[in-house]
Amino acid sequence: MTTALKYSFLSLCVAILVTPLSIGEVFAQEDVEPDADTATTTEETAVAEPEPWYKSERVFGNIQVGDFVVGPGRTEVFVAPGETVVREITITNRISDNRKFKLEIEDIAGSTDGSAAVSLTGSKRGPYSIRDYITLPREEFALELGERARIPVTITVPPDTEPGGYYGSVLVSTIRPSERSEEGGPAPTSPIIARVGSLFFVTVAGDAVQEGKVVDVHTTNNQWWYESGPVELNILTENSGSVHINPYGELSITNMFGEEVGFVELEPWFVLPNSLRVREVTWDREFLLGRYKVTARINRGYDDVVDEVTTTFWVMPWKIVGGIFVVFFIIIFSIRAFFRTFEFKRKRD
């Protein structure tokens, strides 16, 4: 074998040995690239945004009316000691985009003179405080125009809680968004412009006391005489128990002849423990004249106990009555004048 053939044979062997190594390096690079992509995808998944702490939905129709809506107005919850329940309130933004809202919890109290259904206690604790039993996920959040939020409200009653009623309100306030001042710094938050409350009545099961009665029914300011309708009536109810009551019933109005001329059905209302509450009722009729009797039959809202109270008032439209007297006087005067003239002529004849 010549020297040239030897060199050719050696070159061919080297080429055959080197080629598999080169192919292995290319495949290794192709295997590394997918692993890098997978690592990137995993990293992106790890930083995904958390789910919101409340549910939201869009509201359609006339939404820009300059206010916000909170519902429901009242939530009644019945729980056992040691139990936890969750209820929702809804807040609908009909003011502007990116509107901020603030959530607070305040106790409520009844009235001892019947002048108000509930009164907020502010930072003070009420006589049946709910502050220790109700919690909210957060205190502030923002809504876009036409967005409705469903806020979870958690009520937790410890095992050693005494039976009875506990009352408070979840207050929703609007806060204007912060704006930049002319110097470029953040402007202070604007004052609260409105507050709306959703009442929570929590009744803890056990040996609670239900006790109440209808004290009186009377006209507003005890007015006994009216010129015309409408007639404003007040029903005074007392609750001396440890839980609220929901009385309901009816009013019947009869005239001086005993005929029923009016009837008003009364939907349930609430009276907080150890308080008085006045239920206002308006009765209106086009023409009223004479003496009227009002009979209120009110179910206390428990044990099917019904109280019956009555009052009376007069309706005398003085213009009409005065006109009738004037006409009657003219008629009598005319009759007497006629007979006097007739008698005078007979005497002359």
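Above: the structure in question.
Residues numbered from 1 in each chain as written. Predicted model: local features only at pLDDT ≥ 70, side-chain atom pairs only at ≥ 80, totals over all residues. Heavy atoms only, no water.

Trainee: Is there a simple way to explain the sheet that holds strand β15 (residues 248-254) in this structure?
Mentor: The strands making up a sheet associate through hydrogen bonds between their backbones, and the pairing can be parallel or antiparallel. Spatially, β13-β19-β18-β15-β16 is the arrangement adopted by the five strands of the open sheet, whose pairing is mixed. In this open sheet, the two strands that pair with only one neighbour each are β13 (225-226) and β16 (260-266). Of the strand pairs in this sheet, β13 and strand β19 (residues 306-315) are connected by two bridges, and their pairing is parallel. Bridging from a neighbouring strand, tyrosine 226 pairs with valine 315 of β19. (Pairing = 2+ DSSP bridges. Helix = DSSP H or I, 4+ residues; strand = E, 2+ residues; numbered from the N terminus.)

Trainee: What is the right way to read the sheet that holds strand β14 (residues 231-239) from this model?
Mentor: Taken in spatial order, the three strands line up as β12-β14-β17 in an open sheet, and their pairing is antiparallel. Both outer strands of the open sheet, β12 (212-219) and β17 (275-283), are each paired with one neighbouring strand and no more. Adjacent strand axes in the sheet meet at a mean angle of 20° when their direction is disregarded. In the sheet, β14 pairs with β17 via nine bridges, with the strands oriented antiparallel. Counted as the bridge partner of asparagine 234 is glutamate 280 from β17. (Axes fitted to C-alpha atoms, helices over the stretch in contact; angles between N-to-C directions.)

Trainee: Looking at this structure, I do not really get the pairing of strand β11 (residues 195-204). What am I missing?
Mentor: As a general feature of sheets, a regular strand has side chains that alternate between the two faces. Counting buried residues in β11 gives seven out of 10 residues, a clear majority hidden from the surface. For strand β3 (residues 74-79) and β11, the ladder comprises six bridges, and the chain directions are parallel. Pairing of arginine 74 across the sheet is with leucine 199, part of β11. (Buried < 20%, exposed > 50% of the residue type's maximum accessible area, 1.4 Å probe, protein only.)

Trainee: I tried to follow the nonpolar core on my own but got confused; where do I start?
Mentor: Note on soluble globular proteins: their nonpolar side chains tend to be buried together. Ranked by internal contacts, the top residues of the largest apolar core, which has 29 residues, are Ile91, Phe141, Ile151 and Ile155. When contributions to this core are tallied by element, the ones reaching two or more residues are β2 (67-71), β3, β4 (84-94), β5 (99-109), β8 (140-143), β9 (147-156), β10 (164-175) and β11. Among the elements that line this core, the one with the most residues is β9, at four residues. Not counting chain neighbours up to four residues away, the residues in contact with isoleucine 91 comprise Phe68, Val69, Val70, Phe101, Leu103, Phe141, Leu143, Glu147, Arg148, Ala149, Ile151 and Val172. In terms of nonpolar packing, the next biggest core, distinct from the first, is built from 24 residues, Ile235, Ile253, Leu266 and Leu288 among them. (Core = buried A, V, L, I, M, F, W, Y, C linked by side-chain atoms within 4.5 Å. Contact = heavy atoms within 4.5 Å.)

Trainee: What should I look at first to understand a nonpolar patch on the surface in this one?
Mentor: A surface patch of nonpolar side chains, about 680 Å² in accessible area, is lined by Val327, Phe328, Ile331, Ile332, Ile335, Phe338 and Phe339. In this fold, isoleucine 335 is placed in helix α2 (residues 318-348). (Patch = residues over 30% accessible without salt bridge, like charges linked within 9 Å, V, L, I, M, F, W, Y side chains within 5 Å. Areas by Shrake-Rupley, 256 points an atom, 1.4 Å probe, with all protein chains shown as cover. Salt bridge = Lys/Arg side-chain N within 4 Å of Asp/Glu carboxyl O.)

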